[in-house]
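Here is what each chain is made of, one letter per residue.
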Amino acid sequence: MALSNYKLLQELKNSTKHQCLTATGDDDMEWGWDTLESTTDVNISNDTLEVVIHPHSSRGTGAVRGDMPFVPGHIYYWEIKVDGSPMATDMIVGVGTKDFDLESSKNEYTSLIGSDKKSWGYSYKGVKHHNGESLIYGQKYDQGDALIGVRLDMCKGTLEFFLNRTPLGVAFEKLDNTHLLYPMVCSTACRTYFTIKYCRSMPVNLQLYCLQAFDSSKNPLIPFGIMKMVMDSWWIPKSFPS
């Protein structure tokens, strides 16, 4: 069974080699928020890494899409810091197709992402949304300042979420991976912040399979180059038992 690699990341951070292995911030950011793909009531700043939805007042559901598509044959992982009101009708982190209408609920308070078959999302209320259906999924993140991780496998067609780096399990399976998907967020609350903290990807190939099978605990003398690859790919699910 595939497992999260956060334990391995912690081991590497505690090692003496961590300082020379740490990646730069620029390497960890593959995409940002798209200034042309959002509702009108949003502010995008910090080199497109931060968006504030309803910066002054809320009159509906604001949303924004990422500026890079997720393509078939790759695995993606990103983390978003969410800081919003626990009184919101909804705040959602998820994905959707290019033709998903971000403005369909700009004058309504609703759970936008997941309202149709073109989008999938994880709500701050601890439920998942897709095709207009809502199901209990994970923990609530209604206290503000939460870190939401998202892992999308465009080869297997699976989408899973993490709360403060705790895996919540696969939320959706059998996504139509023949279509391009984009990262998306939405909120009904005034002054909701969504800040991209990390976003990486890798094609599903032999290198990825090797990294999945690599167990550093059984290989104490790891060459520097391999150690760097393991450190940079800590977000890839492992295939060996914990």
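Bear in mind the structure is a predicted one, so any value in this text is a computation, not a measurement.

Thresholds applied
- Residues numbered from 1 in each chain as written.
- Predicted model: local features only at pLDDT ≥ 70, side-chain atom pairs only at ≥ 80, totals over all residues.
- Heavy atoms only, no water.
- Buried < 20%, exposed > 50% of the residue type's maximum accessible area, 1.4 Å probe, protein only.
- Helix = DSSP H or I, 4+ residues; strand = E, 2+ residues; numbered from the N terminus.
- Arc of directions from axis to C-beta.
- Contact = heavy atoms within 4.5 Å.
- Polar contact = N/O pair within 3.5 Å; in protein donor to acceptor, adjacent residues only side chain to side chain.
- Pairing = 2+ DSSP bridges.
- Axes fitted to C-alpha atoms, helices over the stretch in contact; angles between N-to-C directions.
- Phe/Tyr/Trp six-rings, centres within 6.5 Å; stacked < 30°, edge-to-face > 60°.

Enquirer: Lay out helix 3 (residues 206–213) in plain terms, naming residues and giving numbers.
Expert: Three or more residues of helix 3 are buried, namely Leu-208, Leu-211 and Gln-212. Mapping the buried residues of helix 3 onto a view down its axis gives an arc of 105°, with all of them on the same face. Contacts from the buried residues of helix 3 go to strand 5 (74–83), strand 14 (192–203) and helix 4 (224–232). Here helix 3 starts with a cap whose side-chain oxygen sits 3.2 Å from the backbone nitrogen of Gln-207, and that cap is Asn-205.

Enquirer: Got a sec to walk through the sheet that holds strand 10 (residues 146–153)? Specific residues and values, please.
Expert: The 7 strands are arranged 2-3-14-5-10-11-12 in an open sheet whose pairing can be described as antiparallel. Edge positions in the sheet fall to strand 2 (42–45) and strand 12 (166–172), since each has one partner strand and no second. For this sheet, the mean angle separating the axes of adjacent strands, direction not counted, is 20°. By the bridge criterion, 4 bridges tie strand 11 (residues 158–163) to strand 12 in an arrangement that is antiparallel. Bridge pairing links Glu-160 to Val-170 in strand 12.

Enquirer: Describe unusual backbone geometry, with residues and values.
Expert: Positive phi, normally seen in glycine, also occurs at Thr-48, with a value near 70°. Considering the arrangement of structural elements, one finds Thr-48 in the loop between strand 2 and strand 3 (50–53). On the accessibility criterion, Thr-48 (26% relative accessible area) is partly exposed.

Enquirer: Tell me about the sheet that holds strand 9 (residues 133–136), and please be specific about residues and values.
Expert: Overall, antiparallel pairing links the 7 strands, which are arranged 1-4-13-6-7-8-9 in an open sheet. What marks the edges here is a single partner per strand, and that holds for strand 1 (33–38) and strand 9. Sheet twist, expressed as the average angle between the axes of neighbouring strands with direction ignored, equals 25°. One ladder, built from 5 bridges, connects strand 6 (residues 91–97) with strand 7 (residues 119–123); its direction is antiparallel. In the sheet register, Val-93 faces strand 7, and the bridge partner there is Tyr-122.

Enquirer: Can you tell me about the packing of aromatic side chains, naming the residues and giving the values?
Expert: Inspection of every chain in the model, using the stated rule, returns 14 aromatic pairs. Taking the centre distance of 5.4 Å and the plane angle of 85° together, the rings of Tyr-122 and Tyr-137 count as edge-to-face. Placement of the pair is Tyr-122 in strand 7 and Tyr-137 in the loop between strand 9 and strand 10, with a sequence separation of 15 residues. Each member of the pair Tyr-122 and Tyr-137 is classed as buried. Seen in terms of ring centroids, Tyr-122 and Phe-161 are 5.3 Å apart; in terms of plane orientation they differ by 50°. Their pairing is tilted. Placement of Tyr-122 in strand 7 and of Phe-161 in strand 11 is noted, with a sequence separation of 39 residues between them. Each member of the pair, Tyr-122 as well as Phe-161, is classed as buried. Grouping aromatic residues by their ring pairs yields a cluster made of Trp-31, Trp-33, Phe-70, Tyr-76 and Trp-78.

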